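Commentary on secondary and tertiary structure
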Amino acid sequence: MTESATPADRKARGKEIRKTVPRSSHAVWTPPADRADPVTLITDQNKDRLQFLVPIRHYRMAESAYTFYRGSAAIMAADLAGTPTSGLTSQICGDAHLSNFGSFATPTREQIFDTNDFDETLPGPWEWDLKRLAASFVLAGRDNEFDDSDTREMTSNAVLGYQNAMARFTTMTTLDVWYAHLTLQQIQDALPKKKDRKAVAKTTAKARSKDSMRALKKLAEKVDGNFRIKSDPPVLIPLRDLPSEDNPDRLGSEAKRSFEQYKSTLADNRKVLLGKYHIVDIALKVVGVGSVGTRCLIVLLEANDDTDPLFLQIKEATDSVLEAHLPKSTYTHHGERVVRGQRLMQVSSDIFLGWSVGGAGHAYYWRQLYDMKGSADIAKMSPRRLKTYATVCGWTLAHSHARSGDPFQMSGYMGSGTVFADALTEFAYSYADQAQEDYEAFTAAIASGRIEAKEG
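Our next topic: the sheet that holds strand 9 (residues 278-285). Either a parallel or an antiparallel arrangement is found when strands of a sheet pair, and the pairing is made through backbone hydrogen bonds. Taken in spatial order, the six strands of this open sheet run 8-9-10-11-13-12, and their pairing is antiparallel. With partners counted over all chains shown, the strands left at the sheet margins are strand 8 (236-238) and strand 12 (354-357), one partner each. Sheet twist, expressed as the mean angle between neighbouring strand axes with direction ignored, is 30 degrees. One ladder, built from four bridges, connects strand 12 with strand 13 (residues 363-368); its direction is antiparallel. Bridged to serine 356 within strand 13 is tyrosine 364. In this fold helix 11 (residues 212-219) packs onto strand 8, strand 9, strand 10 (296-302) and strand 11 (309-316), with an angle of close to 80 degrees to the strand it touches most, strand 11.

Structure follows, in structure tokens:
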């Protein structure tokens, strides 16, 4: 579209795309005859990971079909590459399942809800994110043993939440779309049932208490009058306790050398703030499901004294799983790719978000470990609450896409009825069946000894 195209022209162009890519075409999922072995796709990702942690990754993925899905973004990226797309793009998450949304604090200490995982982010087809989100609701509903009618409704809600939000963004100015956000208070106030409002208020209060002081109490201990990070192997290992074959000195020197480079990626005012702190201790920390085995560290820093801590998290950034199927990132550094994508998709990002390169060439991104971060406990949510949560996630993903994409064309393509939502719901069910089959192949590989799984 030309820059002079009016909003009406752009919306009409989106509607025109339906002739070549019917909305109903998104309903189809048929695995190709040459589909890659899902277990191989997972094990291929392990080659450059810390090998002693890889069995923990497998163990966590083997918990259920839903947790397997959380760790298998590479499999779905390969599958989505063969599905229809409208040809419209935006900055996408690449791993937009329902557990990759949550709350955190803005620099003004407001608690907002947003997309919160960007390890795979890249410009790409917006439908890929939405399909991954929809299928995750089917798997979560099955994991929670919901009735099929409830699972289908919450899956449809995710898509309709996205569709309705995108339509709403076409009625707003560009700046208003950019600034739009959801606070936890707004979500709480919109709930019709008192017990649901109380549940959100409880979650909000719990998240608000998560800061570096709380992290200090949970993750550190005092030895000879000084704080240091506790040892809780294999999920939390101070570098001083790593076996020599795992190169603790190299990991530590990488982190310390890259600290100065990381600071150079921050705004000047934040460099001044971070300059008030010094590094006290560093530890390897296992996080998530799909990230297990990558080089993820936490750093304890202090300012005035040991009552003034700051915990930063360093996460290794590797190739996006999308890059095998889309144009590669324009950033040669994957830490920068993650940070730039996050800043584009989130309405407000962590003030300490930045990137660096370690001495061994590994790319990293940095952020606060705790900053009022909260997440929904999916396993404990009722069907009613998950239906509401689905709508909220749909709105949030639409907003993340609208910041870089064209809401007029996307909305024009989706339309105002349920044709598109019905199609994606059907896809989500078919793909959830595929994920279940892949999960069974994965657990069979563990049972046969092809791959190792170990609790951590």
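Within this model, the second largest pocket holds a volume of roughly 240 Å³. Lining the second largest pocket are 15 residues; nearest its centre among them are Arg270, Arg343, Ser348, Ser349 and Asp350. Grouping the amino acids of the lining of the second largest pocket by side-chain chemistry returns six nonpolar, five polar and four charged.

We now examine the pattern of salt bridges. A complete count under the given rule lists 23 salt bridges for this structure. Residue aspartate 150 pairs with lysine 387 through a salt bridge whose shortest N-O separation is 2.8 Å. Of the two residues, aspartate 150 is situated in helix 7 (residues 148-169) and lysine 387 in helix 15 (residues 383-402); the sequence distance between them amounts to 237 residues. What makes lysine 387 buried here is its relative accessible area of 15%. The network of salt bridges with shared partners includes Arg35, Asp79 and Asp438.

Further remarks concern unusual backbone geometry. Each neighbour pair has its own omega, and for proline 233 with proline 234 the value is 5 degrees, a cis peptide bond. Mapped onto the secondary structure, proline 234 falls in the loop between strand 7 (226-229) and strand 8. Unusually for a residue other than glycine, glutamate 145 sits at a positive phi of about 60 degrees. Inspection of the secondary structure assignment puts glutamate 145 in the loop between helix 6 (126-143) and helix 7.

This next bit is on the sheet that holds strand 2 (residues 101-105). An order of 2-3-5 is seen for the three strands of this open sheet, with the pairing classed as antiparallel. The open sheet has two edge strands with one neighbour each: strand 2 and strand 5 (182-183). With five bridges connecting them, strand 2 and strand 3 (residues 111-115) associate as antiparallel partners. By the bridge assignment, phenylalanine 101 is partnered in strand 3 with threonine 115.

Its place among the elements puts alanine 363 in strand 13. For alanine 363, a relative accessible area of 11% translates into the label buried. A C-alpha to C-alpha distance of 43 Å links alanine 363 and lysine 19, two positions 344 residues apart in sequence. Once residues lying within four places of it in the same chain are set aside, the contact partners of alanine 363 are Lys315, Glu316, Ala317, His333, His334, Gly335 and Ser356.

Taken together, the side chains of Lys202, Lys206, Arg214 and Lys218 present a region of like positive charge at the surface. Of all elements in the fold, only helix 10 (194-208) and helix 11 reach the threshold of two or more residues within the positive patch. For lysine 206, the position within the fold is in helix 10. Classification of lysine 206 by relative accessible area gives exposed; the value is 55%.

Quick look at the side chain of histidine 334 now. Within the fold, histidine 334 resides in helix 14 (residues 334-345). A polar side-chain atom of histidine 334 sits 2.9 Å from a polar atom in the side chain of arginine 337. Leaving out residues up to four positions away in the same chain, histidine 334 has contacts with Ala317, Thr318, Asp319, Ser320, Glu323 and Ala363.

Criteria and thresholds
- Residues numbered from 1 in each chain as written.
- Predicted model: local features only at pLDDT ≥ 70, side-chain atom pairs only at ≥ 80, totals over all residues.
- Heavy atoms only, no water.
- Pairing = 2+ DSSP bridges.
- Helix = DSSP H or I, 4+ residues; strand = E, 2+ residues; numbered from the N terminus.
- Axes fitted to C-alpha atoms, helices over the stretch in contact; angles between N-to-C directions.
- Contact = heavy atoms within 4.5 Å.
- 1 Å grid on protein atoms, 1.4 Å probe; cavity = no way out; pocket = protein on both sides within 12 Å on 5 of 7 lines; lining within 4 Å.
- Points joined across faces, edges and corners; volume = space filled by probe spheres on them.
- Nonpolar A, V, L, I, M, F, W, Y, C, P; charged D, E, K, R; others polar.
- Salt bridge = Lys/Arg side-chain N within 4 Å of Asp/Glu carboxyl O.
- Buried < 20%, exposed > 50% of the residue type's maximum accessible area, 1.4 Å probe, protein only.
- Patch = residues over 30% accessible without salt bridge, like charges linked within 9 Å, V, L, I, M, F, W, Y side chains within 5 Å.
- Areas by Shrake-Rupley, 256 points an atom, 1.4 Å probe, with all protein chains shown as cover.
- Lys, Arg positive; Asp, Glu negative; His and termini not counted.
- Charge placed at Lys NZ, Arg CZ, Asp CG, Glu CD.
- Polar contact = N/O pair within 3.5 Å; in protein donor to acceptor, adjacent residues only side chain to side chain.

Interpretation note: all reported values are geometric properties and have no functional meaning in isolation.
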